[in-house]
Amino acid sequence: MQYGLIGEKLGHSFSAEIHQKLKSNPYTLCELAEDEIPAFFAAKDFSALNVTIPYKTTVIPYLSHISEQARAIGAVNTVVNRGGELWGYNTDFFGMQALLAHAGIPVKDKKVAILGTGGTSKTAHAVAEFLGAKEILTVSRRAGDDVVTYAELTEAHTDVQVIINTTPVGMYPNADGCPVSLSAFDRLEGVIDAIYNPLRTKLVLEAQRIGIKAEGGLYMLVAQAVRASEFFLDCAYDTQTTENIYRDLLQKTENIVLSGMPGAGKSTVGKRLAEGLKRDFFDLDEEIVRVAGCPISDIFANEGEAAFRNLETRILSEVLSHKKNIVLATGGGAILRDENVDLLHRNGKIYFIDRPLAALLPTPDRPLASSAEDIRRRYEERYALYCVTADCRIDGDGSIDEVAERIRKEFFKQ
């Protein structure tokens, strides 16, 4: 192996894709069990590699040299083979610092709570200390030396200003998890989550919903990889490299979600958009019909709207919210539940197709929009909600191609 990543489970890793854009390529993902580590490092059959969970401390005894920063943190995520001598570094420090700056979350003179006690927690602590945090708390399920419990955090430290999550709680496939509720913290200013799959965890979404700056770990992943590649190759990249790779990866990963009134053209525009971008297209209502085995009108008639909404949420949660790089057309009422909006935002941006009321035509297969009067009522009930739940409002007055092009331009502006 020339360059690569070792860890226990790497199915969700973006590292190979990032390094393909750098000079440190070919890059191999190498899953290792713990008992395979000694032989792997004895062979030294690699030029340089990254190390991820759970081996950031495991690898230390096999190294000839460790940078002062990595030694102080107690974790190594980058190893370079120089003539048979293994040198260890910690580029997560650089990545975490870059993420905080990208999110616009200052740490100087702030009270910071770091959730978790693993290698990334130690890195976050070192970064917060380096940036001049006033007070740093380490939070775990069990109390210990210099460690507070989650109960103690929410009861005695409600003045926390910055929260950094370094635990795997909320990571795919268990994306419904959230390490702490933010309702207890009345002075909270910023939230960082080292998790990048999903792009936005429940913790990040909760913070954003209440107007607090928050960001997931994708930028950190890219920034630390760029720094690692500099160690791999003994080179330097220009300052725009991280930003360019981050934006490219985000755009190739993030879903385009279309919301709007029944008859706004979500499905037809979505199919055209997906075709042009070479993405898979999903229609939430069609998925519901497929799972239920009957038309939506039958679900309403036989089981009622509540049953339909429950099925809608279940399909979003179990099937669609985990997908990436898709175009998804939602049903007209999907945004009525906060839970659905969060599920759509996990890996996507929501674009509201705002088609004029006069252009919305009733159809008999839509139980809540089968007449002109039904359309008018739904429009008055939901218009403000479409606006507030969307990341971007799109003028829906025009041809399919015109509306699709407006969405495409907005998506690639980010």
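Residues numbered from 1 in each chain as written. Predicted model: local features only at pLDDT ≥ 70, side-chain atom pairs only at ≥ 80, totals over all residues. Heavy atoms only, no water.

A. The overall build of the protein, seen in detail. Along the protein, the regular secondary structure elements total 16 helices and 17 strands. For 414 residues, the compact-globule formula gives about 22 Å, and the C-alpha radius of gyration of the protein, at 24 Å, lands near that figure. For the protein, the spread of C-alpha atoms along the principal axes amounts to about 75 × 50 × 40 Å. When the 414 residues of the protein are sorted by exposure, 53% land in the buried category. Only carbon and sulfur atoms are counted for the fraction: they give 48% of the accessible area of the protein, which is about 18,400 Å². A gap of 3 Å separates the mean positions of the 46 positive and 57 negative side-chain charges of the protein. (Helix = DSSP H or I, 4+ residues; strand = E, 2+ residues; numbered from the N terminus. Rg over C-alpha atoms; globule rule 2.2 N^0.38 Å. Buried < 20%, exposed > 50% of the residue type's maximum accessible area, 1.4 Å probe, protein only. Areas by Shrake-Rupley, 256 points an atom, 1.4 Å probe, with all protein chains shown as cover. Lys, Arg positive; Asp, Glu negative; His and termini not counted. Charge placed at Lys NZ, Arg CZ, Asp CG, Glu CD.)

B. Looking closely at the side chain of Thr 313. Tracing the chain through its elements places Thr 313 in helix H13 (residues 305–320). Not counting residues within four places of it along the chain, the set of residues in contact with Thr 313 comprises Arg 337, Glu 339, Asn 340 and Leu 343. (Contact = heavy atoms within 4.5 Å.)

C. Expanded view of the state of the cysteines. Evaluated as defined, the whole model comprises zero disulfides. Looking at the unpaired Cys 387, the closest cysteine sulfur is the one in Cys 392, lying at 11 Å. On the basis of relative accessibility, which here comes to 33%, the residue Cys 387 falls in the partly exposed class. (Disulfide = S-S within 2.5 Å.)

D. Examining the environment of Ala 98 more closely. Structurally, the position occupied by Ala 98 is in helix H4 (residues 92–103). For Ala 98, a relative accessible area of 18% translates into the label buried. Not counting residues within four places of it along the chain, the set of residues in contact with Ala 98 comprises Tyr 219 and Ala 223.

E. Highlighting the sheet that holds strand E12 (residues 213–215). If you trace the six strands from one edge of the open sheet to the other, you get E9-E8-E7-E10-E11-E12, paired in parallel fashion. Every interior strand has two partners, whereas the edge strands, strand E9 (147–149) and E12, have only one. Adjacent strand axes in the sheet meet at a mean angle of 20 degrees, parallel and antiparallel pairs treated alike. Two elements, strand E7 (residues 111–115) and strand E8 (residues 135–140), share five bridges in a ladder whose sense is parallel. Each bridged residue has a counterpart across the sheet, and for Lys 111 the counterpart in E8 is Glu 135. (Pairing = 2+ DSSP bridges. Axes fitted to C-alpha atoms, helices over the stretch in contact; angles between N-to-C directions.)

F. Structural view of the pairing of strand E2 (residues 27–31). Where strand E1 (residues 3–7) and E2 come together, five bridges link them in parallel fashion. Bridge assignment links Tyr 3 to a residue of E2, and that residue is Tyr 27. Remark: the E1/helix H1 (residues 15–20)/E2 crossover connection has right-handed handedness. (Right-handed = clockwise from strand over helix to strand, strands pointing away.)

G. Just a negative patch on the surface, in detail. A contiguous patch of negative charge on the surface is contributed by Glu 8, Glu 31, Glu 34, Asp 35 and Glu 36. Relative to the helices and strands, Glu 36 resides in the loop between E2 and helix H2 (37–43). For Glu 36, a relative accessible area of 39% corresponds to the partly exposed category. (Patch = residues over 30% accessible without salt bridge, like charges linked within 9 Å, V, L, I, M, F, W, Y side chains within 5 Å. Salt bridge = Lys/Arg side-chain N within 4 Å of Asp/Glu carboxyl O.)

H. Highlighting the packing of aromatic side chains. By the definition in use, this model includes 14 aromatic pairs. Ring geometry for Tyr 379 against Tyr 383: centres 5.3 Å apart, planes inclined by 40 degrees, an arrangement best described as tilted. One end of the pair is Tyr 379 and the other is Tyr 383, both in helix H15 (residues 372–389) and four residues apart, which spans about a single turn. A relative accessible area of 19% places Tyr 379 in the buried class. (Phe/Tyr/Trp six-rings, centres within 6.5 Å; stacked < 30°, edge-to-face > 60°.)

I. Representation of the side chain of Lys 266 in the model. Take Lys 266: it is sitting in helix H10 (residues 266–277). For the buried Lys 266, no salt bridge is present, and the opposite-charge side chain at shortest range is Asp 285, 6.6 Å distant. Separated by 3.0 Å, the side chain of Lys 266 and the backbone oxygen of Gly 260 make a polar contact. If we skip the residues at most four places from it in the chain, Lys 266 touches Leu 258, Ser 259, Gly 260, Met 261, Ala 329, Thr 330, Gly 331, Gly 332 and Ile 353. (Polar contact = N/O pair within 3.5 Å; in protein donor to acceptor, adjacent residues only side chain to side chain.)

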